[in-house]
Amino acid sequence: MPRLPVLPSILVALVLASCSGEETSSPPPLPAIDREAEAKRLLSGPDWYRHAVFYELYVRSFQDSDGDGIGDFRGATSRLDYLKSLGVDALWLMPIMPTPFKDSGYDIADYRNINPDYGTLADFDEFLTEAKKRGIRVVIDLVLNHTSDQHPWFQESRSSKDNPKADWYVWSDTPNPPDNPCGLQQPIFGTSPWAFDTVRNQYYFHRFYAEQPDLNYRNPEVVEATLDIARFWLDRGVDGFRCDVIALLHESKEGCDLLPETKDYIRSLRKVVDGYPGTVLVAESTNFEDASAYFGNGSDMFHMAFNFAYGYLWGFDFMSGKSGRLYEVFGKVLTNYPPGSQDALVIGSHDVVRSSVAVKKHPWSTRRAAELQMFLRGTPFIYYGEELGLLPGQATVVDLRDAARTPMPWEPGPGQGFTTGTPWLPFGPDADRLSVASQQADPSSNLTFYRGLLALRRGHAIWGTGTLKLLPLDNEHIFAFSRENDEEAYLVAVNLTDEPQQAITSATSLPSTGVRVWGNGSVQAQSNEVSIDLPGEGSVVWKIR
Ligand code: GLC
């Protein structure tokens, strides 16, 4: 499969038409042992992140506390109990620092402060304290590849060719220099990766919007200054960073993706983080085939990296109804990832279309995709509103990605419990019906479905760290695997089509005592083989022992 661009919204939006199905997920059984105590134990050790359920939270769209229509930290603090009750153990906050907001905060103008729209450093500290009180950790977005053009570093750099920061960005006399980084002809956004600066009379390189000039990591001062930013937030008590487009720090003529110099930088960042025990680094991978290179030797680069081969491309598997690609993707995880690495699993994010409409023709597939996200080996990151099945909004403030960034509807009625004012971005469709309050008591709601999924994971080490075995089948329409640790073992199977499917595997055995703990399929021992039966659109999680 060809390498894909960083933001494949288009990919996930590819699928059309519609078709739906009934849900018959059974509730999880009562735990035989105290799973809450076990969850506490798992989440308090250094491997907490392998057992945690993360939640990607957009402060701007979560809860407004002062009626200006913009979510803020005081608002988010007031919603921590909701997150706790959902079963969330850690948060990834999208950028929270001051910004001219040309790229929703991914254009930072001050790395050591809080976006005044969201509150003050004191509000942030209070949020951290309250989150920690509830056992919820907080990881923040760290955007190091570029700054805003309004950042004082850039303002100084552009002021002349010989100021102390003249070399902190990537400057050129021509818009097409012979050493054009990666031969890049086009940035991710816009038409040319070189923008002319009228003050300095030179062009600067930008991988994203022209308002996001790339920092020059060949300058050791840039390296020191950015590592210091990490120290600043770690000293404040954050539990780590989601590292934005981290592979792109260094440019060269030959390539731009995770160059050896970039890996060296990541190792330095890891050393900084290792000075704060229990803190973690999550990579936004720019490799859509295989994220293994982000883990280094398994303990010197990232703790986790997003597996976008699954996270952004799962829609293809349900469109085709075929499992081959999934076997390939997770086959690579098994063969290529160094020991110690941990997959970070998503089914959506702020960069792609809402998972609820990723496969318009098969809306049921979103829940199946969420099941794979929860039960494959790795750490799930739920995108806010995914638990409600939020639909894409229609308005745009920054760019088309705003469709997936609409405010949380907490209750029916004007303002939806999000704000007493006018929301900064209109709510998506059906906000009354999709609100937390409307879904709360409905056993068939998406929220209830997510609560069930998270309850099934909670306090079971197997889902984060148990071994994963992909089960070869005689039916390409089913994807099946087993999970195992000393304590328990499960078989998980998902039907990728809306027709009933049956499959046989000889790759696992089944005692007669097995029991279904989730889904509507069934699994049976047949002499030396195991047969899997799934209704159309169905799935099963079968406890083997
Ligand atoms: C990452 C972010 C995206 C942002 C880009 C530039 O891909 O997820 O939202 O636009 O980096 O910072």
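Please refer to the structure placed before this passage.
Given the structure is predicted, the values throughout are model-derived calculations rather than measurements. (Residues numbered from 1 in each chain as written. Predicted model: local features only at pLDDT ≥ 70, side-chain atom pairs only at ≥ 80, totals over all residues. Heavy atoms only, no water.)

Asks: Would you explain the overall build of the chain in this entry?
Replies: Helices and strands together make up the secondary structure of the chain, namely 18 helices and 19 strands. Computed over the C-alpha atoms, the radius of gyration of the chain is 23 Å, within 12% of the 24 Å expected from 2.2 N^0.38 for a compact globule of 545 residues. Projecting the C-alpha coordinates of the chain onto the three principal axes gives extents of approximately 80 × 50 × 45 Å. Evaluated residue by residue, the chain yields a buried proportion of 63% over its 545 residues. Across the chain, every contact between residues at least 6 apart in sequence was considered, and the portion connecting residues at least 24 apart equals 70%. If you sum the accessible surface of the chain, you get close to 19,900 Å²; carbon and sulfur atoms cover 52% of it. On the chain, the mean spot of the 49 positive side-chain charges and the mean spot of the 71 negative ones are 3 Å from each other. (Helix = DSSP H or I, 4+ residues; strand = E, 2+ residues; numbered from the N terminus. Rg over C-alpha atoms; globule rule 2.2 N^0.38 Å. Buried < 20%, exposed > 50% of the residue type's maximum accessible area, 1.4 Å probe, protein only. Contact = heavy atoms within 4.5 Å. Areas by Shrake-Rupley, 256 points an atom, 1.4 Å probe, with all protein chains shown as cover. Lys, Arg positive; Asp, Glu negative; His and termini not counted. Charge placed at Lys NZ, Arg CZ, Asp CG, Glu CD.)

Asks: What is the right way to read the sheet that holds strand β1 (residues 54-57) from this model?
Replies: Strand pairing in a sheet takes place through backbone hydrogen bonds and is either antiparallel or parallel in direction. If you trace the 8 strands once around the closed barrel, you get β1-β2-β3-β7-β8-β9-β10-β11, paired in parallel fashion. When the angles between neighbouring strand axes are averaged without regard to direction, this sheet yields 25°. Here 4 bridges tie β1 to strand β2 (residues 90-93), and the two strands are oriented parallel to one another. By the bridge assignment, Phe54 is partnered in β2 with Ala90. (Pairing = 2+ DSSP bridges. Axes fitted to C-alpha atoms, helices over the stretch in contact; angles between N-to-C directions.)

Asks: Help me understand the environment of Ala455 in this model?
Replies: If you trace the backbone, Ala455 turns up in helix α17 (residues 446-457). Ala455 sits 189 residues away from Ile266 along the chain, and the two C-alpha atoms are 35 Å apart.

Asks: Help me understand the pairing of β1, please; the structure alone is not making it clear to me.
Replies: One face of the sheet, then the other: side chains in a regular strand alternate in exactly this way. Because side chains alternate across β1, one face comprises the buried residues Phe54 and Glu56, and the other comprises Tyr55 and Leu57, equally buried. As paired elements, β1 and strand β11 (residues 379-383) share 3 bridges and run parallel to each other. Bridge pairing in β11 places Tyr55 opposite Ile382.

Asks: Sorry, what's going on with the side chain of Asp343 here?
Replies: For Asp343, the location among the structural elements is in strand β10 (residues 342-345). At 3.0 Å, the side chain of Asp343 and the side chain of Asn307 are in polar contact. In this structure, Asp343 is in contact with Ala305, Asn307, Phe330, Val333, Tyr337, Arg377, Gly378 and Thr379, ignoring residues within four places of it in sequence. (Polar contact = N/O pair within 3.5 Å; in protein donor to acceptor, adjacent residues only side chain to side chain.)

Asks: When you look at the pattern of salt bridges in this model, what are you seeing that I'm missing?
Replies: One side chain can pair with another of opposite charge once the charged atoms of both are near each other. If you walk through the whole model with that rule in mind, you get 33 salt bridges. Each of Asp103, Asp351, Asp399, Arg401 and Arg405 takes part in one network of salt bridges that share partners. (Salt bridge = Lys/Arg side-chain N within 4 Å of Asp/Glu carboxyl O.)

Asks: Looking at this model, I keep getting lost on the site of the ligand. Mind explaining?
Replies: In the region of the ligand, 16 residues are neighbours, and Asp103, Asp244, Glu284, His350 and Asp351 sit closest. Between the ligand and Glu284 there is a distance of 2.7 Å, counted from an oxygen atom to a side-chain nitrogen or oxygen. Side-chain polar atom of Asp351 to an oxygen atom of the ligand: 2.5 Å apart, as the coordinates give it. Isolated, the ligand exposes 310 Å² of accessible area, and the fraction of that covered by the protein chains is 100%. (Near = heavy atom within 4 Å.)

Asks: I tried to follow unusual backbone geometry on my own but got confused; where do I start?
Replies: The phi torsion of most residues other than glycine is negative, and most of the peptide bonds are trans. Located in the positive-phi region is Asn201, a residue other than glycine, with phi close to 65°. Locating Asn201 in the fold gives a position in the loop between β5 (194-197) and β6 (202-205). Backbone geometry places Leu258, a non-glycine residue, at a positive phi of 50°. Structurally, Leu258 is set in the loop between β7 (240-243) and α10 (260-274). With relative accessibility at 11%, the residue Leu258 sits in the buried group.

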